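Secondary and tertiary structure notes
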Protein chains: 2
Amino acid sequence: MTDMTFTRIQCDSCPIRHRAVCARCDDDELALLEAIKYYRSFEPGQTIVWSGDQMDFLGSVVEGIATLNQTMEDGRTQMVGLLLPSDFVGRPGRGTAAYDTVAATKLTMCCFRRAPFEELMVRTPHIAQRLLEMTLDELDAAREWMLLLGRKTAREKIASLLVIIARRNSTGTKATPTDGAHFDLPLTREATADYLGLTLETVSRQISALKRDGVIVLEGKRGITVPDFHRLIEETGDDTDGGVLV
Amino acid sequence: MTDMTFTRIQCDSCPIRHRAVCARCDDDELALLEAIKYYRSFEPGQTIVWSGDQMDFLGSVVEGIATLNQTMEDGRTQMVGLLLPSDFVGRPGRGTAAYDTVAATKLTMCCFRRAPFEELMVRTPHIAQRLLEMTLDELDAAREWMLLLGRKTAREKIASLLVIIARRNSTGTKATPTDGAHFDLPLTREATADYLGLTLETVSRQISALKRDGVIVLEGKRGITVPDFHRLIEETGDDTDGGVLV
DNA sequence: CGAACTATTGAGTGTTCTCAATCCATGTGG
DNA sequence: CCACATGGATTGAGAACACTCAATAGTTCG
């Protein structure tokens with residue numbers, strides 16, 4: 001089940017050292033985490049935990065992308081979280097998963113067994129502080145997403161997603177990527193539809209429309225180039241000048 | 001601007017003492033909060049802070065309901081938070097409001113100036129712990145809301161909102177209210193529409209439809225009676241047995 | 001009593017969904 | 001090595017749900 005590629009990386013050289021839940025830890029604290037951590041890998045499409053299942057670990061996404069999904073009785077599903085490297089998985093104090101957690105790409109996670117981690121959290125305010133900060137950021141992202149789901153048109157939804165992906169891909173910061181930026185859409189059309197509250201057909205149609213209108217250029221199924229980034233931002237319906245868009 | 005009704009209530013006798021951000025504080029810690037707190041009141045419709053404005057205080061809703069709203073350039077608005085008594089307002093570490101915060105009803109808040117509160121937070125882990133827990137709960141609520149916005153029909157959205165209001169009103173817990181439960185919808189049709197990602201006309205039509213179908217009984221514009229609560233839950237599209245619905 | 005606001009209801013439109021066919025790339029077994 | 005199955009994506013046609021525009025009704029308040 002767990003194919004260890006990151007078998008024993010030192011936290012010092014970890015790519016998410018300064019953004020993950022451990023970001024504020026000093027060397028001593030890091031040593032404690034180092035002692036209880038282990039890595040797990042997942043293949044694209046693999047489910048990490050099912051909603052309602054026992055979840056005996058918590059952890060951080062190190063590489064790749066995971067999604068949190070909610071499903072209704074009749075099968076309608078909505079993505080409620082898009083987890084990128086450094087994002088935290090699981091909820092301290094709750095042993096049961098509230099959502100399906102699925103690897104969207106090849107995925108590596110840095111995991112901690114629940115009990116030792118929660119015990120460590122009590123004694124290490126730096127971890128709880130960082131987790132609070134990250135949770136507040138996620139709440140902001142969720143609220144931005146609510147505006148998208150409740151009020152944006154299909155075209156605006158697609159454009160918004162492309163901007164989010166492009167921003168995260170380009171520099172790791174929120175800075176505006178350069179014109180001509182190229183990236184891969186890490187989600188299938190179906191996953192994209194679940195993210196945006198659309199059907200996969202509508203996603204496909206709107207991507208085709210943006211291509212037809214010259215807003216984006218496609219390379220294969222997943223590759224996307226944005227000739228004029230400002231033009232794409234205008235398509236999102238958001239404030240064109242520095243609106244907060246996580 | 002601030003009409004003091006709760007001029008000087010002791011924290012001991014505060015109605016939200018055991019659910020708000022102060023819930024875990026011991027007597028000493030409570031005394032420190034008591035020393036820096038002050039009350040503010042707002043009238044229905046009054047805006048507490050505008051998005052982008054300086055926000056020099058944080059606090060808890062004591063009585064009444066407030067909403068967090070996001071607006072697009074062209075005027076489309078989406079509610080992204082519904083704040084009930086004990087809910088926390090503002091984000092530690094950020095001096096600028098991210099959303100419009102509006103009193104939906106007559107509202108009383110227990111406020112703390114930003115600087116002293118943030119300083120206190122550093123020295124009082126019980127406050128940060130509770131705030132983390134509350135933020136995680138809000139994130140769960142936001143994700144439930146995302147499912148509603150992205151995947152539910154107008155009728156399901158209305159039914160879901162009624163269930164949420166009824167649950168919060170009945171016992172303060174998540175328990176299922178009794179059949180025949182009566183409550184007032186604390187939002188105008190327009191605010192309801194902004195909550196649900198609908199137009200106010202659609203809200204009105206769906207409420208009429210639920211009434212016509214005998215799912216609810218209306219008393220005036222705002223009063224609602226639910227003769228068969230299970231029937232209402234079925235209309236939400238959610239799992240009928242104990243699905244988590246905040 | 002009229003103004004302002006909130007809510008209801010109607011008619012027609014339109015965006016998105018549903019159902020369905022086709023295409024393409026990849027991988028597998030005869 | 002080809003035939004075929006599989007999964008992802010695109011495109012079309014028609015239907016449905018929610019929206020827009022508009023008229024009307026009920027409440028509250030001056």
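Refer to the structure printed above.
Let me begin by describing the structure that accompanies this report. (Residues numbered from 1 in each chain as written. Chains lettered and ligands numbered in written order. Predicted model: local features only at pLDDT ≥ 70, side-chain atom pairs only at ≥ 80, totals over all residues. Heavy atoms only, no water.)

Surveying the vicinity of DNA strand C reveals 17 residues, the closest of which are A:Ala154, A:Thr202, B:Arg189, B:Ser204 and B:Ser208. Taking all atoms of DNA strand C within 4 Å of the protein, the share assigned to sugar and phosphate is 60%. One of the side-chain N or O atoms of A:Arg205 is found 3.0 Å from a base oxygen in DNA strand C. Among the elements of the structure, α6 (200-212) of chain A together with α6 (200-212) of chain B are those that each provide at least two residues to the surface near DNA strand C. The leading source of residues in the surface near DNA strand C is α6(B), at five residues. (Near = heavy atom within 4 Å. Polar contact = N/O pair within 3.5 Å; in protein donor to acceptor, adjacent residues only side chain to side chain. Helix = DSSP H or I, 4+ residues; strand = E, 2+ residues; numbered from the N terminus.)

The next point concerns the relation of the copies chain A and chain B. Each of the two chain copies can be brought onto the other by rotation about an axis and movement along it. When chain A is fitted onto chain B, the two copies agree to an RMSD of 0.0 Å after a turn of 180° and an axial shift of 0.0 Å. Here the symmetry operator amounts to a two-fold rotation axis. When you check the interface residues of chain A against chain B, 100% turn up at the interface there too, and the contact is symmetric in its surfaces. (Least-squares fit on C-alpha atoms with pLDDT ≥ 70 in both. Contact = heavy atoms within 4.5 Å.)

Residue and element names in this part refer to chain A. Direction vectors running N to C along helix α4 (residues 154-170) and helix α5 (residues 189-196) enclose 105°, while the axes themselves pass 11 Å from each other. Classified by the interaxial angle, the pair formed by α4 and α5 is roughly perpendicular. In this structure, α4 contributes Lys-157, Ile-158, Leu-161 and Ile-164 to the contact, and α5 contributes Thr-192, Tyr-195 and Leu-196. Residues that form the contact of α4 with α5 fall into these classes: five nonpolar, one polar and one charged. (Axes fitted to C-alpha atoms, helices over the stretch in contact; angles between N-to-C directions. Parallel < 35°, antiparallel > 145°, perpendicular 65-115°, else oblique. Nonpolar A, V, L, I, M, F, W, Y, C, P; charged D, E, K, R; others polar.)

Glancing now at the interface of chain A and chain B. Across the boundary between the two partners, chain A contributes 46 residues, which contact 46 residues of chain B. Across the chain A/chain B interface, buried area totals approximately 3900 Å², and carbon plus sulfur atoms make up 54% of it. The three residues of chain A that bury the most area against chain B are A:Arg143, A:Met146 and A:Arg151, which together make up 20% of that side's buried surface. Our count for the chain A to chain B interface comes out at 12 salt bridges. The salt bridge involving A:Arg91 is made with B:Asp137; its shortest N-O contact spans 2.9 Å. Counting across the interface, chain A meets chain B through 28 residue pairs in polar contact (both at pLDDT 80 or more). Broken down by secondary-structure element, the contributors of at least two residues to the side of chain A that touches chain B are β4 (66-71), β5 (77-83), α3 (125-151) and α5 of chain A. A total of 19 residues in the side of chain A that touches chain B trace back to one element, the largest contributor, which is α3(A). Its residues placed into classes, the side of chain A that touches chain B shows 19 nonpolar, 11 polar and 16 charged. (Buried area = accessible area lost by both parts, 1.4 Å probe. Salt bridge = Lys/Arg side-chain N within 4 Å of Asp/Glu carboxyl O.)

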